[in-house]
Amino acid sequence: MSRLLSTVLVTASLLAIAICAMPSAAAPRATLAGDFGPPQGAPIEEKLVDPPNVPAPIHRNYPARVIVRLETREVVKEMADGVRYTFWTFNGTTPGPLIRVRQGDTVELHLKNDPGSHMAHNIDMHAVMGPGGGAAATVTPPGHESVFTFKALRSGTFIYHCATAPVPMHIANGMYGLIVVEPPEGLPKVDHEYYVVQGDFYTSGTYHEPGLQSFDMQKLLAEQPTYVLFNGREGSLTGANALTSKVGDTVRLFVGDGGPNLVSSFHVIGGIFDSVNIEGGTLVNHNVQTTLVPAGGATMVELSTPVPGTLLLVDHSITRAFMQGALGEIKVSGPLQPQLYNKVSSGPVRGAAAPKAVAAVSNVNDAMADGKRVFTQICSACHQGNAMGLPGAFPPLAMSDYLNADPKRAIGIVLNGLSGKITVNSTGYESVMPAQGSSLSDGEIANVLTYVLNNFNNKGGSISAAEVKAVRAGDKSK
Amino acid sequence: MKPIRMAGLLMLLAIAPAVIAADYVTIPAGQFVSALAIDGSTSRIAMPSFAMRTEPVTQADYLAFVAAHPEWRRGRVSPLLAGPQYLAAWQGPLTPGPAVPARQPVTEVSWFAARAFCAGEQARLPSWYEWEYVAAADATRRDARGDPARNQALLSSILAGSGNRPGTIGRHRANFYGVRDINRLLWEWTGDYAAMFPNADARVAGTGATLALCGGSALAFADKNQYALIMRVAALTALEPADDAPRVGFRCVRDIHGE
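Scoring rules and cut-offs
Residues numbered from 1 in each chain as written. Chains lettered and ligands numbered in written order. Predicted model: local features only at pLDDT ≥ 70, side-chain atom pairs only at ≥ 80, totals over all residues. Heavy atoms only, no water. Helix = DSSP H or I, 4+ residues; strand = E, 2+ residues; numbered from the N terminus. Buried < 20%, exposed > 50% of the residue type's maximum accessible area, 1.4 Å probe, protein only. Contact = heavy atoms within 4.5 Å. Phe/Tyr/Trp six-rings, centres within 6.5 Å; stacked < 30°, edge-to-face > 60°. pLDDT = per-residue confidence, 0-100. Axes fitted to C-alpha atoms, helices over the stretch in contact; angles between N-to-C directions. Parallel < 35°, antiparallel > 145°, perpendicular 65-115°, else oblique. Nonpolar A, V, L, I, M, F, W, Y, C, P; charged D, E, K, R; others polar.

J.: How should the overall build of chain A be read in this particular structure?
T.: Scanning chain A from terminus to terminus reveals 9 helices and 23 strands. Within chain A, the fraction of its 478 residues that count as buried is 51%. Relative to all contacts within chain A whose residues are 6 or more apart in sequence, the contacts with residues 24 or more apart total 69%.

Below is the structure:
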């Protein structure tokens, strides 16, 4: 490096660079895969929307010139409640907007850099075939604009990101997004489309430490992020921001991983991907639980939502989901589908200690409620929630001739258990019922028996706590 | 390291009596290793002694300059030497206005303009190595670059400066040499910045042969931990010499003869 350069020298060297950088000649026009000829029709202004929304599917049968306008902005935003961070962004959001074009389109990319930026920024589009993915052609100082065109020769889901030095820092600050290049025939119709990009963030403070956080270089180098986030903010896809679907609908997710460091084990808790375009390419896998999304890579997944409720989007490197923020939701609305998904009962396994008893309940309604609680917590584990039992294993309590023939016999059975062959509703059972006398109070046993006698098509009747107490006392005196 | 009063003190005072003459300090000779690998080599560089302005050139300094040199006023300067953003924050060609405090570093000045300013006080823009040699210091050490805490503090300080304007001079301690605000407030033009060519997208070193043919230097980052410095190089090398950026200012140096 010379110390002092005269105006003439500088100007001359810049001219020389311009000449050296120029391609030697225009490429010969040949049959190039994905090239469907020059752009036709009027140029199309791409209508960009904020994530997690995506531009509408393309219904076009010719290659066009598509104008995409991006602006790099350095903005302070929340990454979690009360936690602020200076994001470096495309169009003010992390990720930047999803760009959607058709294979063979000529993309005219206008990259502006906000005058308030610290840094020059640029863009490396993984959908570009050519040096740097356009990075060299788009270096843009603050207050400037660059224009770059490329032909989208390959279909797929691709990452774009800033590639200005120091690259890991530009990416760690949120400068990435997706560009979807649809095949000429378009994508199969689905009911909902959404856009999710995972990124890892390195803050000076600990997880959830409030206030304006600075970028922490040592954590970046150690690849130990403070946050792993979908769409740049904890809660960006949960609660009021959750993605939505309806029972019977299909959902397509364009999923990227900006990195800079982590690979995502992308999974939807409660969903199976009907199809996965592996790594965003054309190879399709089916019936997938978890798919890898490489840093600087993407995938396109489709799933059906046949059952109502909440599905969870996670990085199934699961610490990141529950300790670092990588959690989203798809809320599926619609009628229950018990034939597909039905909670029958839950309670402790046989022999497990039941919660210690509440005092005996005198009021009839309270007695019934208490009886139902005991039944649900204990009895239903074997006799089932509908009291129908399990054939060959546990006898039914519903419409039970054995129970109704002698309700008071049931007191001793609950207190002391029962083993040996019995016949219920003409079916023989020979299993062991454990004694419940040590874990249930007199009142609880009375209540649960009364509840069972008055439900499940039994004949009715009631058992009192005093009767249970008497049986218990009689057992002791034997 | 006594401040050397600039030679043309009386002359400048005659033109703009409100301006306080700039302080320069002597930077002693020494050796150091650049964080940049020029043409693929890192080597110990012997730095001769020189004098450096203790502070970046301020808005007040620059107002005095354009007052004395009408050819550098906004509206008069050739667009080849200063682009449309030249002094864009100023209200008028000789009126910085309330948005531009006098003690703030001047920015939105082109490399050509910075060079002319320095010549006007019998000085020049520093070489990259001169700038880097001085900027390697912290308050107590000549070369503090190996200290991760120092590197993180610089980075955090730079990132905390938001908005379109650089901060105010003098909020931080002077460094080992008595130089202020060399790392945190703004990017500073160097005389030879335009001859530094990282590969155009700055991720890998350019191919030496091509760049040598074109008269430049292939540049790579030998010390990849100097993020604040890498940001600076990326920001500067994206600029044309006539560009005027809101965060780019400068300071001047002088050769010391006979030492």
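J.: When you look at the packing of aromatic side chains in this model, what are you seeing that I'm missing?
T.: For any pair of aromatic rings, the description rests on two quantities: the centre-to-centre distance and the angle between the ring planes. According to the stated counting rule, one finds 25 aromatic pairs over all chains in the structure shown. Centre to centre, the rings of A:Phe90 and A:Tyr160 are 5.4 Å apart; their planes meet at 80°, and the pair counts as edge-to-face. Of this pair, A:Phe90 sits in strand β3 (residues 83-90) while A:Tyr160 sits in strand β8 (residues 156-161), and the two are 70 residues apart along the sequence. Among the aromatic residues, ring-to-ring pairing joins B:Tyr62, B:Phe65, B:Tyr86, B:Trp90, B:Phe117 and B:Phe250 into one connected group.

J.: It is not clear to me how the confidence of the model for chain B should be interpreted in this structure. Could you clarify?
T.: Predicted coordinates in regions of low pLDDT should not be interpreted in detail. Residues and elements named next belong to chain B. The predicted model of chain B has a mean per-residue pLDDT of 83, with 79% of residues at 70 or higher. Ranking the helices and strands of chain B by mean pLDDT puts strand β6 (residues 50-53) first, with 97, and helix α6 (residues 208-214) last, with 39. Predicted confidence for residues 1-20 stays below pLDDT 50, and this span has 32 contacts to residues more than four positions away or in other chains. The model gives residues 199-217 a pLDDT under 50, and that stretch makes 43 contacts with residues more than four places away or in other chains.

J.: What exactly am I supposed to notice about the packing of helix α5 (residues 364-383) of chain A against helix α8 (residues 442-453) of chain A here?
T.: Two quantities define a packed helix pair, namely the angle between the helix axes and the distance between the axes. Residues and elements named next belong to chain A. Packing of α5 against α8 leaves a shortest axis separation of 7 Å and a crossing angle of 90°. What the angle tells us is that α5 and α8 run roughly perpendicular. Of α8, the residues touching α5 (which contributes Ala-367, Met-368, Asp-370, Gly-371, Lys-372, Arg-373, Val-374, Phe-375 and Cys-379) are Glu-444, Asn-447, Val-448, Thr-450, Tyr-451 and Val-452. Counted by class, the contact of α5 with α8 contains 8 nonpolar, 3 polar and 4 charged residues.

J.: Where do I start with the packing of helix α5 (residues 148-160) of chain B against helix α7 (residues 227-237) of chain B in this structure?
T.: Residues and elements named next belong to chain B. Between α5 and α7, the least distance of the axes is 8 Å, while the angle of their chain directions is 45°. As far as their axial angle goes, α7 and α5 are oblique. Taking contact as the criterion, the partners of Leu-154, Leu-155, Ile-158 and Leu-159 in α5 are, on α7, Tyr-227, Ala-228 and Met-231. Here the contact of α5 with α7 is composed, by residue class, of 7 nonpolar, no polar and no charged.

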